[in-house]
Amino acid sequence: MANPRALTAQPRQSKLVRTICMVLIALIVLIGLTVLIIWLSLKPKKPRYSIENASISNLNIANNHLNGTFNFVIRAFNPNSRVSIYYDKVEVYVFYDKDKLAASAGQPFFQPHRNENHLDEKLVAQNVTLTGKVAKDLGLEKAAGNVELDVQMKAKVRFKYGSWKTGHRRLRVFCSPVFVQSSKKNSQTTDCHVSL
Ligand SMILES: *[C@@H]1O[C@H](CO)[C@@H](O)[C@H](O)[C@H]1NC(C)=O
Ligand SMILES: *[C@@H]1O[C@H](CO)[C@@H](O)[C@H](O)[C@H]1NC(C)=O
Ligand SMILES: *[C@@H]1O[C@H](CO)[C@@H](O)[C@H](O)[C@H]1NC(C)=O
């Protein structure tokens, strides 16, 4: 025969278990939400990049070889109000189609929160070998006085929150098309795509 007391104790016990489970689930959801809110408020916004005042000097193409100097200003804005950025390793490239025309290692720099930096770039191409098709197309654009280039930047960055600093992350910047006039500066701005 079943004990009548055991029959009444079982529903009470399972109710207790259910209450404990619900409290636990509520706690987990609460902790999860707190972590999400903290993470969202700390998550750095991507810096904003654009190219301005692009020009080429001494552009010369002969026998599928190129000489030239590319000048432009990279504008970098850090939109975060609490996060500063260290740029530890900076590399800048000029491409035409898939051909790399020039590269330069930039100076490391520090970008405080809500700060805009202007990086003056001067990339020199010296006897760069081009594929035949690129040499022909670039020659045609040069003759028309308007060359379309791509500018890329790669950087290793760290974020700084107060006195706490993150590890390195890779930042990539793609700017395309950058219109460059043969002789004079192009005041047009090209907005860049930034990935972190
Ligand atoms: C671009 O050139 C103009 C005129 O020379 C100058 O006023 C402006 O500050 C330059 N822009 C940048 C980002 O240096
Ligand atoms: C590039 O410059 C070198 C000298 O530095 C010269 O010998 C070569 O002919 C030039 N090439 C072009 C395409 O102008
Ligand atoms: C330019 O490169 C070509 C082939 O890569 C080479 O034959 C030529 O000597 C180079 N010229 C200079 C000035 O370095």
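What you see is a predicted model; the values in this text were computed from it and never measured. (Residues numbered from 1 in each chain as written. Chains lettered and ligands numbered in written order. Predicted model: local features only at pLDDT ≥ 70, side-chain atom pairs only at ≥ 80, totals over all residues. Heavy atoms only, no water.)

What am I meant to see in the side chain of Glu 121 here?
Examined against the element boundaries, Glu 121 turns out to sit in strand 6 (residues 116–129). Ignoring anything within four residues of it in the chain, the contact list for Glu 121 reads Phe 70, Asn 71, Phe 72, Ile 74, Val 92 and Ser 104. (Helix = DSSP H or I, 4+ residues; strand = E, 2+ residues; numbered from the N terminus. Contact = heavy atoms within 4.5 Å.)

Looking at this structure, I do not really get the site of ligand 2. What am I missing?
In the neighbourhood of ligand 2, the contacting residues comprise Asn 60, Ala 62, His 65, Asn 67 and Gln 126. In this structure, Asn 67 approaches ligand 2 through a side-chain N or O atom, which is 2.4 Å from an oxygen atom. A distance of 2.6 Å separates an oxygen atom of ligand 2 from a polar atom in the side chain of Gln 126. In the complex, 48% of the free accessible area of ligand 2, which totals 360 Å², lies under the protein chains. Broken down by secondary-structure element, the contributors of at least two residues to the shell around ligand 2 are strand 1 (48–62) and strand 2 (65–77). Across the shell around ligand 2, the residue classes tally to 1 nonpolar, 4 polar and no charged. (Near = heavy atom within 4 Å. Polar contact = N/O pair within 3.5 Å; in protein donor to acceptor, adjacent residues only side chain to side chain. Areas by Shrake-Rupley, 256 points an atom, 1.4 Å probe, with all protein chains shown as cover. Nonpolar A, V, L, I, M, F, W, Y, C, P; charged D, E, K, R; others polar.)

Help me understand the site of ligand 1, please; the structure alone is not making it clear to me.
The environment of ligand 1 is made up of Glu 52, Asn 53, Val 73, Arg 75, His 118 and Lys 185. Contact distances for ligand 1 include 3.0 Å between a nitrogen atom and a side-chain N or O atom of Glu 52. Measuring from an oxygen atom of ligand 1, one finds a side-chain N or O atom of Asn 53 at 2.2 Å. Coverage of ligand 1 by the protein amounts to 48% of the 360 Å² it exposes when considered alone. Only strand 1 and strand 2 provide two or more residues apiece to the shell around ligand 1. Of the residues assigned to the shell around ligand 1, the class counts are 1 nonpolar, 2 polar and 3 charged.

Purely geometric stuff here, so don't read any function into it on its own.
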